[in-house]
Amino acid sequence: MQGITREELSEMERDLLAAASHFRRTATELANRVALFNGVDPAQLWDECSSLEWRIPDSEWSLDLHGQHCMFTHQVTGQVVEVSLWFGAEFGVLDPYFFYDYMRTTPDLELPAGLRQPFHDTARAMSFLEERGLLTRVERGLGSGLTAR
């Protein structure tokens, strides 16, 4: 399978970093709003997930808890934000496909044209950014993931 090249990744590096930072801010804001509504520490969302009410009152966001993620979907713009809940209060951990979908659906962002294969190209892009020291690896007992600084 032909994948994205390092040259292409280098050309889109700035856009990918901006999108990863944008994702981290958005995911953190949404997770914090759920925590605030439920009166829990944001770092406890995963531990308390079965007893929480998964919604944000008076907002245009719908929520769908699945696996270790919560999918936030904006009812007007169609923006999709898949937030991992396994990393305590760090909500910016990227999943290759979910990050691609975030870039594709976020009105303020433009999906880099070189990302032709949603999972594989985005996974390569994340590895490339980690190699360059531009994404941070987050470790937790349940695994690890990458996030913007």
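Our subject is the structure that appears above.
Residue numbers here run from 1 along each chain, matching the order of that chain's written sequence. Confidence filtering applies because this is a predicted model: local features only for residues at pLDDT of at least 70, side-chain atom pairs given and counted only at 80 or more, and all residues used for totals across whole chains, interfaces and linings. Hydrogens and waters are ignored; side-chain quantities use all the structure's heavy atoms.

J.: Whenever I open this one, the packing of aromatic side chains confuses me. Can you help?
T.: Whether two aromatic rings pair depends on their centres lying within 6.5 Å, for rings of Phe, Tyr and Trp, where Trp uses its six-membered ring; planes under 30 degrees apart make the pair stacked, over 60 edge-to-face, and the rest tilted. Under the defined criterion, the tally for this structure stands at five aromatic pairs. With a centroid separation of 5.1 Å and an interplanar angle of 85 degrees, the aromatic rings of phenylalanine 23 and tyrosine 102 are classed as edge-to-face. Here phenylalanine 23 is found in helix 1 (residues 6–38), whereas its partner tyrosine 102 is found in helix 3 (residues 96–105), with 79 residues between them in sequence. Note on accessibility: phenylalanine 23 and tyrosine 102 belong to one class, buried. Each ring, one from tyrosine 97 and one from tyrosine 100, has its centre 6.5 Å from the other, and the planes form 25 degrees; the classification is stacked. In this pair, tyrosine 97 and tyrosine 100 both sit in helix 3, three residues apart, roughly one turn of the helix. For every residue, the accessible area (1.4 Å probe, protein chains only) is compared with the maximum for its type, and the residue is labelled buried under 20%, exposed over 50%, or partly exposed between those bounds. Judged by relative accessible area, tyrosine 100 falls into the buried class, the value being 11%. Elements are defined by DSSP. Helices are runs of H or I of four residues or more, strands are runs of E of two residues or more, and each kind is numbered from the N terminus.

J.: Just to check I follow, could you spell out the pattern of salt bridges for this structure?
T.: Between side chains of opposite charge, a pair can form when the charged atoms approach closely. Definition used for salt bridges: Asp or Glu carboxyl oxygen within 4 Å of a side-chain nitrogen of Lys or Arg. All told, the structure shown has nine salt bridges when counted by the stated rule. For the salt bridge of glutamate 131 with arginine 6, the shortest nitrogen-to-oxygen distance reads 3.1 Å. Of this pair, glutamate 131 sits in helix 4 (residues 118–131) while arginine 6 sits in helix 1; the two residues are 125 residues apart in sequence, bridging distant segments of the chain. The partly exposed category is assigned to arginine 6, whose relative accessible area is 47%. Ionic pairing is found between glutamate 90 and arginine 24, a salt bridge with its closest N-O pair at 2.7 Å. Here the residue glutamate 90 occupies a position in the loop between strand 3 (80–84) and helix 3, and arginine 24 occupies one in helix 1, the gap between them amounting to 66 residues. On the accessibility criterion, arginine 24 (27% relative accessible area) is partly exposed.

J.: Could you clarify how one ought to interpret the environment of phenylalanine 37 in this entry?
T.: For phenylalanine 37, the location among the structural elements is in helix 1. Look at phenylalanine 37 and you get partly exposed, because its relative accessible area is 31%. Once the C-alpha coordinates of phenylalanine 37 and leucine 52 are considered, the two residues, 15 residues apart in sequence, prove to be 9.3 Å apart. Not counting the four nearest positions on each side in its chain, phenylalanine 37 is found in contact with Glu53, Arg55 and Pro57. In what follows, a contact means two residues having at least one pair of non-hydrogen atoms within 4.5 Å.

J.: What is the right way to look at the sheet that holds strand 2 (residues 69–74) in this model?
T.: Hydrogen bonds between backbone atoms are what pair the strands of a sheet, whose relative direction is either parallel or antiparallel. In this analysis, strands are considered paired if DSSP registers two or more bridges between them. With respect to topology, three strands assemble into an open sheet ordered 1-2-3, the strand pairing being antiparallel. Edge positions in the open sheet fall to strand 1 (61–66) and strand 3, since each of these has one partner strand only. The sheet shows a mean angle of 20 degrees between the axes of neighbouring strands, direction not considered. Note on method: axes are straight lines fitted to C-alpha atoms, helices fitted across the in-contact stretch only, with angles between N-to-C directions ranging 0 to 180 degrees. Across the sheet, helix 3 is in contact with strand 1, strand 2 and strand 3; its angle to strand 3 comes to roughly 150 degrees.

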